[in-house]
Amino acid sequence: MLTKIAKIFSVATHPYLTPIYLVLILLVTDSVFSLFPASVKLYLVWVMALYSLVLPVITRWALHFIGSNERYRIVQRYAEVTSLLASACCYMLCAITFMRSPALEMFHKVALAGFIATFLLLISLKWQRASAHLAALGTLTTFLIFLNIIGVESLMKYLLATILLSGCTASTHL
């Protein structure tokens, strides 16, 4: 039973999903971003999903497919590094996409935060393998803390939920 709960937390807090959660929080709360038309909201969710979920999943699948070939066994050893590099590139492309409009500055910062967290994970691989799940949740929590401090809007209930979810995820990694 505990193993199933741990797997549910692992899937729900996957690093590919946390940026999408943050975009959804910004779009559905009573903030300036909730005033965007539905087509713009759909565009924002689609772009974030494309760069933080679809492209990294395709990359992981391609690495798994290439690594299963006998000639390319070396790829499996570098699969995590390659996956993190691909995710960092996707976040940077997402940040560049959002950079074109001043109204999307907050979403540009979300993508940059994802890039920085992924890059720091990549650097830390030299010494220790850190949890990408906890890094993504830590980035989400930090972003929500800063939004509460600067007064963009009151996101306290989402911040508390994220802290609780981070604790539950950390306990499943023990």
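Before going into details, it helps to say that this report is about the structure given with it. (Residues numbered from 1 in each chain as written. Predicted model: local features only at pLDDT ≥ 70, side-chain atom pairs only at ≥ 80, totals over all residues. Heavy atoms only, no water.)

## Structural notes on the nonpolar core
And then number 1: Grouped together as the largest cluster of nonpolar side chains are 30 residues, with contacts concentrated most on Phe98 and Phe107.
And then number 2: Only helix 2 (18–28), helix 3 (38–67), helix 5 (79–98), helix 6 (105–124) and helix 7 (132–150) provide two or more residues apiece to this core.
And then number 3: Among the elements that line this core, the one with the most residues is helix 2, at six residues.
And then number 4: If we ignore the near neighbours within four places in the chain, the residues touching Phe98 are Leu44, Val47, Met48, Leu104, Phe107 and His108. (Core = buried A, V, L, I, M, F, W, Y, C linked by side-chain atoms within 4.5 Å. Buried < 20%, exposed > 50% of the residue type's maximum accessible area, 1.4 Å probe, protein only. Helix = DSSP H or I, 4+ residues; strand = E, 2+ residues; numbered from the N terminus. Contact = heavy atoms within 4.5 Å.)

## Some points on helix 6
And then number 1: If you check helix 6, its first and last C-alpha atoms are 28 Å apart, about what 20 residues at 1.5 Å a residue would give, namely 28 Å.
And then number 2: Of the residues making up helix 6, those classed as buried are Met106, Phe107, His108, Val110, Ala111, Ala113, Gly114, Ala117, Thr118, Leu121 and Leu122. (Expected span 1.5 Å × (residues − 1).)

## Topic: the pattern of salt bridges
And then number 1: A full pass over the atoms with the stated rule returns one salt bridge.
And then number 2: Between Glu105 and Lys109 there is a salt bridge whose closest N-O contact spans 3.3 Å. Taken together, the positions of Glu105 and Lys109, both in helix 6 and four residues apart, correspond to about one turn of that helix. (Salt bridge = Lys/Arg side-chain N within 4 Å of Asp/Glu carboxyl O.)

## Some details on the packing of aromatic side chains
And then number 1: Within the structure shown, the criterion is met by four aromatic pairs.
And then number 2: With centroids separated by 5.1 Å and ring planes inclined at 75 degrees, the aromatic side chains of Phe33 and Phe107 adopt a geometry described as edge-to-face. Placement of the pair is Phe33 in the loop between helix 2 and helix 3 and Phe107 in helix 6, with a sequence separation of 74 residues.
And then number 3: For Phe33, a relative accessible area of 9% puts it in the buried group.
And then number 4: Assessed through its relative accessible area of 0%, Phe107 is described here as buried.
And then number 5: Each ring, one from Phe98 and one from Phe107, has its centre 6.1 Å from the other, and the planes form 55 degrees; the classification is tilted.
And then number 6: Site record: aromatic cluster; members linked through ring pairs are Phe33, Phe36, Phe98 and Phe107. (Phe/Tyr/Trp six-rings, centres within 6.5 Å; stacked < 30°, edge-to-face > 60°.)

## Looking at a nonpolar patch on the surface
And then number 1: A cluster of nonpolar residues, Ile116, Phe119, Leu120, Ile123 and Trp127, forms a patch on the protein surface that exposes about 550 Å² of accessible area.
And then number 2: Mapped onto the secondary structure, Trp127 falls in the loop between helix 6 and helix 7.
And then number 3: Residue classification places Trp127 among the exposed positions, given a relative accessible area of 64%. (Patch = residues over 30% accessible without salt bridge, like charges linked within 9 Å, V, L, I, M, F, W, Y side chains within 5 Å. Areas by Shrake-Rupley, 256 points an atom, 1.4 Å probe, with all protein chains shown as cover.)

## With respect to the packing of helix 5 against helix 6
And then number 1: Remark: helix 5 packs on helix 6, axes separated minimally by 8 Å, with the N-to-C direction vectors making an angle of 160 degrees. Compared by their axis directions, helix 5 and helix 6 come out roughly antiparallel. Two packed elements cross with a definite hand, and for helix 5 against helix 6 that hand is left-handed. Within the contact between the two elements, helix 5 uses Val81, Leu84, Leu85, Ser87, Ala88, Tyr91, Met92, Cys94, Ala95 and Phe98 and helix 6 uses Phe107, His108, Ala111, Leu112, Gly114, Phe115, Thr118, Leu121 and Leu122.
And then number 2: Here the residues of the contact of helix 5 with helix 6 sort into 15 nonpolar, four polar and no charged. (Axes fitted to C-alpha atoms, helices over the stretch in contact; angles between N-to-C directions. Parallel < 35°, antiparallel > 145°, perpendicular 65-115°, else oblique. Left-handed = near helix turned anticlockwise from the far one by under 90°. Nonpolar A, V, L, I, M, F, W, Y, C, P; charged D, E, K, R; others polar.)

## Concerning the environment of Val32
And then number 1: Along the chain, Val32 turns up in the loop between helix 2 and helix 3.
And then number 2: Put simply, Val32 and Ala103 are 71 residues apart on the chain and 9.8 Å apart in space, counted from C-alpha to C-alpha.

## Points about the side chain of Thr141
And then number 1: Structurally, the position occupied by Thr141 is in helix 7.
And then number 2: Of the residues examined, Thr141 reaches a relative accessible area of 11% and is grouped as buried.
And then number 3: When near neighbours in sequence (up to four residues on either side) are disregarded, Thr141 contacts Leu159, Thr162, Ile163 and Ser166.

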